[in-house]
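# Reading the structure
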Amino acid sequence: MKFVKSLHILAAAVVLTTTAFGVSAQALKLGHITPPTHVWHQVSEKIATDLDKASGGKMKMAVSPLQKLGNEAQMINLMQAGAQQFGVFTVGGLSNREESLLGWSLPYVFKDVAHATRAAATPAAQEMLKRLDQHGLVGLGYTFAGMRHVLSLQPVTSAKDLANKKVRSFPSPIYNDWWTANGAAPTAMPLSEVAPSLTTKLLDAVDVDLDALVGLKFHQQAPNLTLTNHMAFPAVIVVSKKWWATRSDADRAMITKVVKDAEKWGYQTAIDADVNNLKKATADGAKVIPFDIKSFQAVGGTVRDKYTAKNPLIADFYKQAKDL
């Protein structure tokens, strides 16, 4: 009996300690799919740090990279239930809910990351954020990774070099259409499976941004880098609508400001990272391959036309973004 009573006392002490010091189990949760070296993780950490400071320590956040809370679909379900409060999700993943976000993946619209960040302020891009509300999410801003390129086992000097080759592609219809139009075989798989699949030649190439390439060192398996620059690759910073509804107006204003500050900081960080990551990759053995860009651009218009014709907001976004 004394032993049982001691256990009860110990349990009560743990509860009191947890309440007093706020252990991580009670922290707000932010999840994303990229490695800790990635710019999206840096943006996430900045949100966590700044929110802690702005709230006077009342809002602490645990950031979970590399889909530790689940894949994007699973994390979105958690957020819809209010079990996860924050997320940084790819526009490709969110486009399964809100189709207009596919507009960000139209091929050969953006010259570089800086151009893409300017497009985030367009009315169409802001409308995309608003439309997430009907899916149980509140879109507060964007964050960017580097432009998309091709990393391959064998040098790719034109689109024809990828004929019937398996290219790890983001699981999205527009990516499938893009790579199929270029003659390749798009293959969806998690980032964690890419390196072993290159090693065993289950993959021939990867559609990748330089943040992920450097962070996960894919060039150690596939050294040939073709700078196709074919798409931008943003993510959306979201909060759970169910959780958001429980916050005061003051809390919402504070969180919105923290995210907007992190969004702006992330833009410049992504712009700088795209330059620095190329230097890191080549210094670490990646070989930049000269190539015929027109062979890739030739099918870009066809893919763009398909998606601008099927969704008016995508069409508006294309018009507003292409000449910024």
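The model shown is predicted, which means the values in this text are computed figures rather than measured ones.

## Focus on the overall build of the chain
- When helices and strands are counted, the chain shows 13 helices and 11 strands.
- The C-alpha radius of gyration computed for the chain amounts to 22 Å, which stays within 12% of the reference 20 Å derived for 324 residues, consistent with globular compactness.
- On the principal axes, the C-alpha backbone points of the chain span a range of 75 × 45 × 30 Å.
- Here the chain holds 324 residues, and the buried ones make up 52% of them.
- A fraction of 78% describes how many contacts in the chain between residues 6 or more apart in sequence connect residues 24 or more apart.
- For the chain, the exposed area adds up to about 14400 Å²; of that, 57% sits on carbon and sulfur atoms.
- The average position of the 36 basic charges and that of the 27 acidic charges among the side chains of the chain differ by 5 Å.

## Concerning the sheet that holds strand 10 (residues 234-240)
- Spatially, 2-1-3-10-4 is the arrangement adopted by the 5 strands of the open sheet, whose pairing is mixed. Two strands close off the open sheet at either side, each with one partner strand: strand 2 (61-64) and strand 4 (137-144). Strand-to-strand twist across the sheet, computed as the mean angle between neighbouring axes with direction ignored, equals 20°.
- In this structure, strand 1 (residues 28-31) lies alongside strand 2, joined through 4 bridges in parallel fashion. The partner of K29 across the bridge, within strand 2, is A62.
- Each of strand 1, strand 3 (86-90), strand 4 and strand 10 is contacted by helix 3 (residues 72-80), which is oriented at about 145° to strand 3, the strand it contacts most.
- Strands strand 4 and strand 10 of the sheet are contacted by helix 6 (residues 123-131), whose axis makes an angle of about 135° with strand 4.

## Description of the packing of helix 7 (residues 173-181) against helix 12 (residues 293-310)
- The geometry of helix 7 relative to helix 12 is characterised by a closest axis approach of 9 Å and an angle of 145° between their N-to-C directions. Helix-helix and strand crossings are classified by hand; for helix 7 and helix 12 the assignment is right-handed. On helix 12, the residues touching P173, I174, D177, W178, W179 and A181 of helix 7 are F296, V299, G300, V303, K306 and Y307.

## As for the packing of aromatic side chains
- For the structure on display, the rule yields 13 aromatic pairs.
- Ring geometry for W40 versus F233: centroids 5.5 Å apart, planes at 20°, classification stacked. Note that W40 is positioned in helix 2 (residues 39-54) and F233 in the loop between strand 9 (224-226) and strand 10, a separation of 193 residues in sequence.
- W40 sits in the buried class, given a relative accessible area of 0%.
- On the basis of an interplanar angle of 70° and a centroid distance of 5.8 Å, the ring pair of F170 and F233 is categorised as edge-to-face. A residue pair is termed long-range when its members are at least 10 positions apart, and F170 in the loop between strand 6 (166-168) and helix 7 and F233 in the loop between strand 9 and strand 10 qualify at 63 residues. Each member of the pair, F170 as well as F233, is classed as buried.
- Three or more aromatic residues link up through ring pairs in this structure, and these residues are W104, F110, Y142, F144, Y267 and F317.
- Sitting over the ring of F233, R148 keeps its end group 4.1 Å from the ring centre.
- A cation over an aromatic ring shows up here: K322 above the ring of Y318, its NZ or CZ 6.0 Å from the ring centre.

## Description of helix 7
- By the burial criterion, the buried members of helix 7 are I174, Y175, W178 and W179. Looking straight down helix 7, one finds its buried side chains confined to an arc of 125°; they lie on one side.
- Close packing links the buried residues of helix 7 with strand 5 (148-152), strand 6, strand 7 (185-187), strand 8 (205-209) and helix 12.

## Quick word on the side chain of S55
- Position of S55 relative to the elements: it lies in the loop between helix 2 and strand 2.
- According to the relative accessible area criterion, S55 is buried, its value standing at 11%.
- Engagement of the side chain of S55 in a polar contact is seen with the backbone nitrogen of K58, the distance being 3.2 Å.

## Some thoughts on the pattern of salt bridges
- Evaluated as defined, the whole model comprises 15 salt bridges.
- Between D52 and K60 there is a salt bridge, with the nearest N and O atoms lying 3.2 Å from each other.
- For R148, the salt bridge identified is with D207, shortest N-O distance 2.8 Å. Remark: D207 occurs in strand 8 and R148 occurs in strand 5; sequence separation between them is 59 residues. Neither R148 nor D207 differs from the other in exposure class; each is buried.

Calculation criteria
- Residues numbered from 1 in each chain as written.
- Predicted model: local features only at pLDDT ≥ 70, side-chain atom pairs only at ≥ 80, totals over all residues.
- Heavy atoms only, no water.
- Helix = DSSP H or I, 4+ residues; strand = E, 2+ residues; numbered from the N terminus.
- Rg over C-alpha atoms; globule rule 2.2 N^0.38 Å.
- Buried < 20%, exposed > 50% of the residue type's maximum accessible area, 1.4 Å probe, protein only.
- Contact = heavy atoms within 4.5 Å.
- Areas by Shrake-Rupley, 256 points an atom, 1.4 Å probe, with all protein chains shown as cover.
- Lys, Arg positive; Asp, Glu negative; His and termini not counted.
- Charge placed at Lys NZ, Arg CZ, Asp CG, Glu CD.
- Pairing = 2+ DSSP bridges.
- Axes fitted to C-alpha atoms, helices over the stretch in contact; angles between N-to-C directions.
- Left-handed = near helix turned anticlockwise from the far one by under 90°.
- Phe/Tyr/Trp six-rings, centres within 6.5 Å; stacked < 30°, edge-to-face > 60°.
- Lys NZ or Arg CZ within 6 Å of the ring centre and 35° of its normal.
- Arc of directions from axis to C-beta.
- Polar contact = N/O pair within 3.5 Å; in protein donor to acceptor, adjacent residues only side chain to side chain.
- Salt bridge = Lys/Arg side-chain N within 4 Å of Asp/Glu carboxyl O.

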